[in-house]
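Spelled out from the first residue to the last, the chains are:
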Amino acid sequence: MTYVETSVILAQLLAEDRCPPESLWADPLVSSRLTEYEVWNRIHARGLGNSHGESVRLLLGRLRWLEMTPLVLARALDPWPIPLRTLDALHLASIEFLRAHGQSVKLASYDERVISAGRRLSIPLFTL
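Small disclaimer: the values here were computed from a predicted structure and weren't measured.

Enquirer: How do you make sense of the overall build of the chain when you look at a structure like this?
Expert: When helices and strands are counted, the chain shows six helices and four strands. In the chain, the succession of helices and strands from N to C terminus is β-α-β-α-α-β-α-α-β-α. On C-alpha atoms alone, the chain measures out to a radius of gyration of 14 Å, which is about the 14 Å that the 2.2 N^0.38 rule sets for 128 residues. In terms of overall dimensions, the chain has a C-alpha envelope of 40 × 25 × 25 Å along the principal axes. Within the span of the chain, comprising 128 residues, buried residues form 48% of the whole. Restricting to contacts in the chain with at least 6 residues of sequence separation, those with at least 24 account for 69%. With 14 positive and 14 negative side-chain charges, the chain shows a spacing of 2 Å between the two charge centroids.

Have a look at this one:
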């Protein structure tokens, strides 16, 4: 299973310089419910709701969602191997929750801070 962090979804939707390979979309995909809010926030902030709304719904519809449960939120409060922004800590806490429950999870992200912390936590990376 691959945990898809917000930066990857936005790169796909906004046709940025880097875009995830097609092989990513063949994996079973999961993300935090946080990703849904982050993506819509960025789409609306750029005034792209009308032009990109259907693409957003279709892409987000391919993911399985991990809710922001008290256990996930509690992990985000613990120390991390490097300083993290709040939302990054919540993404990594979601992955840690899945791993603690026996799931094998790879991380797909373009965010260097998330990738660095993921490496320090021995989270395998999906090669983008």
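From this point, the discussion proceeds with the structure in view.
Enquirer: Would you take a moment to explain the pairing of strand β2 (residues 29–32) for this structure?
Expert: Residues in a regular strand point their side chains to alternate faces of the sheet. Residues of β2 alternate between two faces, with L29 and S31 on one and V30 and S32 on the opposite face, all of them buried. As defined by bridge partners, strand β1 (residues 2–4) adjoins β2 across two bridges and the pair is classed as parallel. Paired with Y3 across the bridge in β2 is V30. Read from β1 through helix α1 (residues 6–14) to β2, the crossover connection turns out right-handed. For β2 and strand β3 (residues 64–66), the ladder comprises three bridges, and the chain directions are parallel. The residue bridging V30 from the neighbouring strand is R64, located in β3.

Enquirer: In this structure, what is going on with the sheet that holds β3? I would like to understand it.
Expert: Backbone-to-backbone hydrogen bonds join strands into a sheet, with any given pair of strands oriented parallel or antiparallel. With respect to topology, four strands assemble into an open sheet ordered β3-β2-β1-β4, the strand pairing being parallel. The open sheet has two edge strands, β3 and β4 (106–108), and neither has a second partner. Across the sheet, the mean angle separating the axes of adjacent strands is 35° when strand polarity is ignored.

Enquirer: Can you walk me through the packing of aromatic side chains in this structure?
Expert: Aromatic ring pairs are reported here in terms of the distance separating the ring centres and the angle at which the planes meet. Overall, the coordinates contain zero aromatic pairs when judged by the stated rule. One Lys or Arg, R75, reaches over the ring of W80 and ends 3.7 Å from the middle of that ring.

Enquirer: How do you make sense of helix α3 (residues 49–60) when you look at a structure like this?
Expert: One full turn of an α-helix is made of 3.6 residues, so residues set three or four places apart face in the same direction. For α3, built from 12 residues, the straight-helix expectation of 16 Å at 1.5 Å per residue is missed by more than 12%, its first-to-last C-alpha distance being only 14 Å. Where α3 is concerned, the buried positions are G53, V56, L59 and L60. On an axial view of α3, the arc spanned by its buried residues comes to 145°, and they lie on one face. For α3, the exposed residues lying more than 90 degrees away from the buried face are S51 and L58. Those residues of α3 hidden inside the fold are in contact with α1, α2 (33–45) and β3.

Enquirer: Sorry, what's going on with the side chain of S31 here?
Expert: Structurally, the position occupied by S31 is in strand β2. Since its relative accessible area comes to 0%, S31 is described here as buried. Excluding anything up to four places from it in sequence, S31 contacts Y3, V4, L63, R64, W65 and L66.

Enquirer: Hey, could you run me through unusual backbone geometry in this one?
Expert: The backbone phi angle of S122 is positive, close to 60°, even though this residue is not glycine. Following the sequence through the fold, S122 ends up in the segment after α6 (112–120). Look at S122 and you get exposed, because its relative accessible area is 58%.

Conventions and cut-offs
Residues numbered from 1 in each chain as written. Predicted model: local features only at pLDDT ≥ 70, side-chain atom pairs only at ≥ 80, totals over all residues. Heavy atoms only, no water. Helix = DSSP H or I, 4+ residues; strand = E, 2+ residues; numbered from the N terminus. Rg over C-alpha atoms; globule rule 2.2 N^0.38 Å. Buried < 20%, exposed > 50% of the residue type's maximum accessible area, 1.4 Å probe, protein only. Contact = heavy atoms within 4.5 Å. Lys, Arg positive; Asp, Glu negative; His and termini not counted. Charge placed at Lys NZ, Arg CZ, Asp CG, Glu CD. Pairing = 2+ DSSP bridges. Right-handed = clockwise from strand over helix to strand, strands pointing away. Axes fitted to C-alpha atoms, helices over the stretch in contact; angles between N-to-C directions. Phe/Tyr/Trp six-rings, centres within 6.5 Å; stacked < 30°, edge-to-face > 60°. Lys NZ or Arg CZ within 6 Å of the ring centre and 35° of its normal. Expected span 1.5 Å × (residues − 1). Arc of directions from axis to C-beta.

Everything listed is a geometric property; what it means functionally is a separate question.
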